[in-house]
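# Residue-level structural notes
Okay, here's what each chain looks like letter by letter:
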Amino acid sequence: MRNRLKVLRAERDWSQADLAEQVGVARQTINAIETGRYDPSLPLAFALAALFAQPIEEIFFPDDASPS
């Protein structure tokens, strides 16, 4: 699964640690999601979507799809 987390985080000038703290996970979890090594749980995906005020499908998308 691909995602736009790094872009959304950069737009807000947040570090991985900043984002991790806001959603209650380790910085390494954010890094693993951003690099595609880990797909977030549904509750974590919802938390990230709420934080960025965007639908989940605007942040996460299948490997064969491109971002909107």
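Note that the coordinates shown come from a computational prediction; the quantities given were computed from them, not determined experimentally. (Residues numbered from 1 in each chain as written. Predicted model: local features only at pLDDT ≥ 70, side-chain atom pairs only at ≥ 80, totals over all residues. Heavy atoms only, no water.)

Before going further, it helps to examine the overall build of the chain. A tally of helices and strands in the chain yields 5 helices and 2 strands. Counted from the first residue to the last, the chain has its helices and strands arranged as β-α-α-α-α-α-β. Based on the C-alpha atoms only, the size of the chain along its principal axes is roughly 30 × 20 × 20 Å. Sorting the 68 residues of the chain into buried and exposed places 32% on the buried side. Pairs at least 24 residues apart make up 56% of the contacts formed inside the chain by residues separated by at least 6 positions. Positive and negative charge centroids in the chain, built from 7 and 10 side chains respectively, lie 5 Å apart. (Helix = DSSP H or I, 4+ residues; strand = E, 2+ residues; numbered from the N terminus. Buried < 20%, exposed > 50% of the residue type's maximum accessible area, 1.4 Å probe, protein only. Contact = heavy atoms within 4.5 Å. Lys, Arg positive; Asp, Glu negative; His and termini not counted. Charge placed at Lys NZ, Arg CZ, Asp CG, Glu CD.)

Moving on, we come to the UniProt feature "domain: HTH cro/C1-type" (unreviewed entry) in the chain. Using the residue numbers shown here, the UniProt feature "domain: HTH cro/C1-type" (unreviewed entry) corresponds to residues 5-59. Helix and strand shares over residues 5-59 are 69% and 0% respectively, and the end C-alpha atoms of the span are 7 Å apart. (UniProt positions renumbered as here; feature names shortened; annotations may be inferred.)

All right, on to the packing of aromatic side chains then. The final tally for this structure, using the stated rule, is 1 aromatic pair. Taking the centre distance of 5.6 Å and the plane angle of 35° together, the rings of tryptophan 14 and phenylalanine 52 count as tilted. One end of the pair, tryptophan 14, is in the loop between helix 1 (5-11) and helix 2 (16-23); the other, phenylalanine 52, is in helix 4 (residues 42-52), and 38 residues separate them in sequence. Judged by its relative accessible area of 21%, tryptophan 14 falls in the partly exposed class. (Phe/Tyr/Trp six-rings, centres within 6.5 Å; stacked < 30°, edge-to-face > 60°.)

Before going further, it helps to examine the side chain of glutamine 16. Mapping glutamine 16 onto the fold places it in helix 2. For glutamine 16, a relative accessible area of 15% corresponds to the buried category. Separated by 2.9 Å, the side chains of glutamine 16 and glutamate 34 make a polar contact. When residues no more than four places from it in sequence are discounted, the contact partners of glutamine 16 are Arg9, Arg27, Ile30, Asn31 and Glu34. (Polar contact = N/O pair within 3.5 Å; in protein donor to acceptor, adjacent residues only side chain to side chain.)

Before going further, it helps to spend a moment on the pattern of salt bridges. Under the defined criterion, the tally for this structure stands at 2 salt bridges. Among the ionic pairs, glutamate 34 bridges to arginine 9, the shortest N-O distance being 2.6 Å. In this pair, glutamate 34 sits in helix 3 (residues 27-34) while arginine 9 sits in helix 1, placing the two residues 25 residues apart along the sequence. For glutamate 34, a relative accessible area of 15% gives the class buried. (Salt bridge = Lys/Arg side-chain N within 4 Å of Asp/Glu carboxyl O.)

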